[in-house]
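Working through the structure, step by step
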Amino acid sequence: MGHTWQHLADALEDVKVISNPGNEPVTIEGIAAGMRCVGVGTDAAVFQSMVLPQFAFKLFAEGKQTKLQAEAKVYKILGTAPGFSRCYGVSTRFLVLKFEEGPTFFDCLLQGIHIPEEAVRDVENAREFVRQKGLNPRDIHLKNIVLQEGRAKLLDVSEYIKPGNDFRWDHLKMGYTEYYHLIDSKPMPFWVLDTVRKGHHRWQRYFTSFDEFMSIISKQIGYRK
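What counts, and where the lines are drawn
Residue numbers run consecutively from 1 along every chain, following the written order of its sequence. Owing to the predicted nature of the model, reporting of local features is limited to residues with pLDDT of at least 70; listing and counting of side-chain atom pairs is limited to 80 or more, with chain, interface and lining totals taken over all residues. Each side-chain value is worked out from all heavy atoms of the structure, with water and hydrogens disregarded. Note on pairing: DSSP must find at least two bridges between two strands before they are called paired. Starting at the N terminus, helices and strands are each numbered in turn, a helix being any DSSP run of H or I of at least four residues and a strand any DSSP run of E of at least two. Orientation is described by axes fitted as lines to C-alpha atoms, over the contacting stretch for helices, and by angles from 0 to 180 degrees between their N-to-C directions. Angles below 35 degrees are treated as roughly parallel, those above 145 as roughly antiparallel, those between 65 and 115 as roughly perpendicular, and all remaining angles as oblique. It is the rotation of the near helix from the far one that decides the hand of a crossing: anticlockwise by less than a right angle makes it left-handed, clockwise makes it right-handed. The contact criterion used is simple: two residues touch if any of their non-hydrogen atoms lie within 4.5 Å. Note on classification: 1.4 Å probe, protein chains only; a residue is buried when its accessible area is under 20% of the maximum for its type, exposed when over 50%, partly exposed between these limits. What qualifies as a polar contact is a pair of N or O atoms within 3.5 Å, subject to a donor-acceptor requirement within protein and to the restriction that residues adjacent in sequence count only when both atoms come from side chains.

1. Structural notes on the sheet that holds strand E6 (residues 87–90)
Spatially, the 5 strands line up as an open sheet ordered E3-E4-E5-E7-E6, and their pairing is antiparallel. Because the sheet does not close on itself, it has two edges, and the strands there are strand E3 (35–40) and E6. In this sheet, adjacent strand axes meet at a mean angle of 25° when their direction is disregarded. Sheet topology places strand E5 (residues 55–60) next to strand E7 (residues 94–98); 5 bridges connect them, and they run antiparallel.

2. Examining the packing of helix H4 (residues 117–132) against helix H5 (residues 168–183)
Relative to each other, H4 and H5 sit at 160°, their axes nearing to 12 Å. Taken together, the axis directions place H4 and H5 in an arrangement best described as roughly antiparallel. Handedness of the H4/H5 crossing: left-handed. Two secondary-structure elements touch here, H4 through Glu117, Val120, Val123, Glu124 and Arg127 and H5 through Trp169, Asp170, Lys173 and Tyr176.

3. Points about the pairing of E3
Pairing of E3 with strand E4 (residues 44–49), which is carried by 5 bridges, proceeds in the antiparallel orientation. Within E4, the residue paired with Met35 across the bridge is Ser49. Remark: 3 residues form the turn of the hairpin made by E3 and E4, two consecutive strands paired antiparallel.

4. Notes on the side chain of Asp139
Within the secondary structure, Asp139 sits in the loop between H4 and strand E8 (145–148). By relative accessible area, Asp139 is classed as buried at 9%. Side chain to side chain, Asp139 and Arg168 meet in a polar contact 2.7 Å long. Not counting residues within four places of it along the chain, the set of residues in contact with Asp139 comprises Asn144, Asp156, Glu159, Asp166 and Arg168.

In short, geometric facts, not functional conclusions.
Structure follows, in structure tokens:
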């Protein structure tokens, strides 16, 4: 399948992705003709081909080659597992992935799209599959989960080779169980979600528990259990 996307990669030659401190999203310089940017993370930006829209090019920031290689390795181990995307090719700057339709969980909260319990169970099952493959499911957050016809699919698997539990999914699941019924199908302002994102990145510095963190966030935005 490589020859079908290789000529498209030339459009990325003049694009530069720059990482930023403080766990902030990358900055993009330049234009990729025939592609549109569909996602921006802390290590890379994702471009979808408008000529062959089934392909997504994950272009990593300078200095993030280790992340690129790690993600390529994980995709090779995962193979064609249904709970994940697929990797079709690897270069020194980007991965060629299957473009996954559907809103992320982050988009769902922004737009008031219902996130069903079955999708949450899908993430749990995908995490168990990852463990069975000898990997470690971590860095699973709202922007790394896509909702497709009520089912979940995981994106960005680059940290699955790292040790330790970052508790990101554990806290999301806790938030879903304890608080989601308060906001289910209600569009959430971006500033609220961004406040939670930034607060979670630092919650251990200022709070004795995640529940305390969520309680204070709930009071700030006017919600109660």
